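Each chain, written out:
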Amino acid sequence: MKIDNQKEHSNGAQNGNNPDEFFLHPDQSFETRAIHEGQSPDQWKSGAIVPPIHTGSTFKQADPEEHSEYFYGRIGNPTRSALETCIASLDKAKYCLTFASGLASIAGVAGLLKTGDHVICGDDLYGGTHSYFKNIAKDNGVEVDFIDTTVVENLENAFKPNTKMVYVESPTNPLLKIMDIPRLAAAIKSECQDIIFVVDNTFLTPYLQNPLLMGADIAVYSLTKYMNGHSDVIMGAITTSDDELYKKLAYIQHIAGSIPSPFDCYLMNRSLKTLSIRMDKHIENATKVAKFLEQHPLVEKVLYPGLESHPQYKLAKRLWHGPSGMISIFLKGDLEMSKAFLKALKVFALAVSLGGFESLAELPTTMTHEIVPAEIKKDLGITDNLIRLSVGLESATDLIKDVDQALKVAANFYIPS
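Residues numbered from 1 in each chain as written. Predicted model: local features only at pLDDT ≥ 70, side-chain atom pairs only at ≥ 80, totals over all residues. Heavy atoms only, no water.

1. Let's talk about the nonpolar core
Phase 1 of the analysis: Counting 94 residues, the largest nonpolar core has L155, V166, F197, L293, V302, I327 and F341 as its most contacted members.
Phase 2 of the analysis: Take this core: its biggest share by element is 8 residues, from helix α10 (residues 275-294).
Phase 3 of the analysis: When near neighbours in sequence (up to four residues on either side) are disregarded, L293 contacts V299, V302, I329, L389, V403 and L407.
Phase 4 of the analysis: Core analysis: the next-biggest nonpolar cluster, separate from the first, contains 27 residues, I106, V109, V119 and C121 among them. (Core = buried A, V, L, I, M, F, W, Y, C linked by side-chain atoms within 4.5 Å. Buried < 20%, exposed > 50% of the residue type's maximum accessible area, 1.4 Å probe, protein only. Helix = DSSP H or I, 4+ residues; strand = E, 2+ residues; numbered from the N terminus. Contact = heavy atoms within 4.5 Å.)

2. Considering the UniProt feature "modified residue: N6-(pyridoxal phosphate)lysine" (unreviewed entry) in the protein
Phase 1 of the analysis: Mapped onto this numbering, the UniProt entry annotates "modified residue: N6-(pyridoxal phosphate)lysine" (unreviewed entry) at K225.
Phase 2 of the analysis: Of note, K225 is situated in the loop between β6 (218-222) and β7 (236-240).
Phase 3 of the analysis: For K225, a relative accessible area of 17% puts it in the buried group.
Phase 4 of the analysis: Contact partners of K225, with chain neighbours within four places excluded, come to T202, S353, L354 and G355. (UniProt positions renumbered as here; feature names shortened; annotations may be inferred.)

3. Notes on empty space enclosed by the protein
Phase 1 of the analysis: In this structure the tally under the stated criterion is 1 cavity of 30 Å³ or more.
Phase 2 of the analysis: Counted as a void, the largest cavity has a volume near 30 Å³.
Phase 3 of the analysis: Contributing to the lining of the largest cavity are D123, D124, L125, H130, H369, V372, L380 and I382.
Phase 4 of the analysis: The residue makeup of the lining of the largest cavity, split by class, is 4 nonpolar, 2 polar and 2 charged. (1 Å grid on protein atoms, 1.4 Å probe; cavity = no way out; pocket = protein on both sides within 12 Å on 5 of 7 lines; lining within 4 Å. Points joined across faces, edges and corners; volume = space filled by probe spheres on them. Nonpolar A, V, L, I, M, F, W, Y, C, P; charged D, E, K, R; others polar.)

4. A short note on a nonpolar patch on the surface
Phase 1 of the analysis: Nonpolar side chains collect at one region of the surface, where F71, Y72 and I75 lie side by side and expose about 250 Å² of accessible area between them.
Phase 2 of the analysis: With respect to the element layout, F71 can be found in the loop between α1 (30-36) and α2 (78-90).
Phase 3 of the analysis: For F71, a relative accessible area of 33% puts it in the partly exposed group. (Patch = residues over 30% accessible without salt bridge, like charges linked within 9 Å, V, L, I, M, F, W, Y side chains within 5 Å. Areas by Shrake-Rupley, 256 points an atom, 1.4 Å probe, with all protein chains shown as cover. Salt bridge = Lys/Arg side-chain N within 4 Å of Asp/Glu carboxyl O.)

5. Here we look at the packing of aromatic side chains
Phase 1 of the analysis: If you walk through the whole model with that rule in mind, you get 7 aromatic pairs.
Phase 2 of the analysis: On the numbers, 5.7 Å between centres and 40° between planes, the contact of F59 with Y70 is tilted. Linking F59 in the loop between α1 and α2 with Y70 in the loop between α1 and α2, this pair joins segments that are 11 residues apart in sequence. The exposure classification of F59 matches that of Y70, with both residues buried. (Phe/Tyr/Trp six-rings, centres within 6.5 Å; stacked < 30°, edge-to-face > 60°.)

6. Some details on the side chain of S271
Phase 1 of the analysis: Relative to the elements of secondary structure, S271 occurs in helix α9 (residues 262-272).
Phase 2 of the analysis: Residue classification places S271 among the buried residues on the basis of a relative accessible area of 0%.
Phase 3 of the analysis: Those residues in contact with S271 that lie beyond four places of it in its chain are M227, N228, H230 and R278.

This is the structure we're talking about:
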């Protein structure tokens, strides 16, 4: 079953109302593609509705010189192919490649670079991504600069003759800064058509943003997060519509061998079927929690792109189908207040990761971004009173009660401004 996945973005408002009040129209065929693309029962002799788990490591060949579609499990697997076909369709991409983790996907992208190349990275990145480029990529002879890519002029001033890649997150982790991807893409291609533009779209998923349609060459995902949504799989993915980039990335996937297991591919494929429903609920809950926190006297600032108070709210509405379920808050206190708040939570679990059905809370300075140098965290504003919340699918009423009671406990450490 083949469904058109190349519909253009619409700038109209949902339900025909005032366009200033809503994000972009939802993709009307997203759910159908999530359920059917790559899943045809006709491709299996059994006619199974759900793609089977193919655990074989090798495949019988009819001829020693002419290899069949599946030759060796590292190079290709039917269960993995079904998943990759589905993700490519959802991201409105020509190709998808899956990897053993989100960072393995990032390493795959970095594999396109060689000694002497220059890469420009956004300054606010997941700690593991920052560490990969700052340490591993640099150790391999790649020149790396971290800049604030929310300002297009910063990017234009950062180009060098050897610039080969620009890598950003949108929104960023954990400060939820938003990139004007179309403007960045235009600046990059104006500088040099060969510069590869990579966007980490993990926080939004293809349901809420399609970077490739905005001018990015590659989209990167930690599928572990929202795409899987059940906190039981570690996996990553790369999507692209560029034939040459796909060939190079497929070679990296095959030879480096950082591939996901067939069982994990089965679980991920299952999770995509409910992605849109889950994301809608994440947004609904996060919006309610964010609005509550915004008026709380112990909260200094709330960062949530679904609130008008977010500094880039209008940009989010122009580019996205919705604001996801991630919230960052600054408490009116210090590390002790943050610790008291996190330890007092009962529904939210103190844990890293995000995007699962359960709500999670963490302290970026000592958890997800612990490996980022202290001076860089200070410059970015990743401070000890910054809390990152991944709002899950529980009752919004219970989630609000939970953060409220935890803030009451933390009130003992309140520092008046």
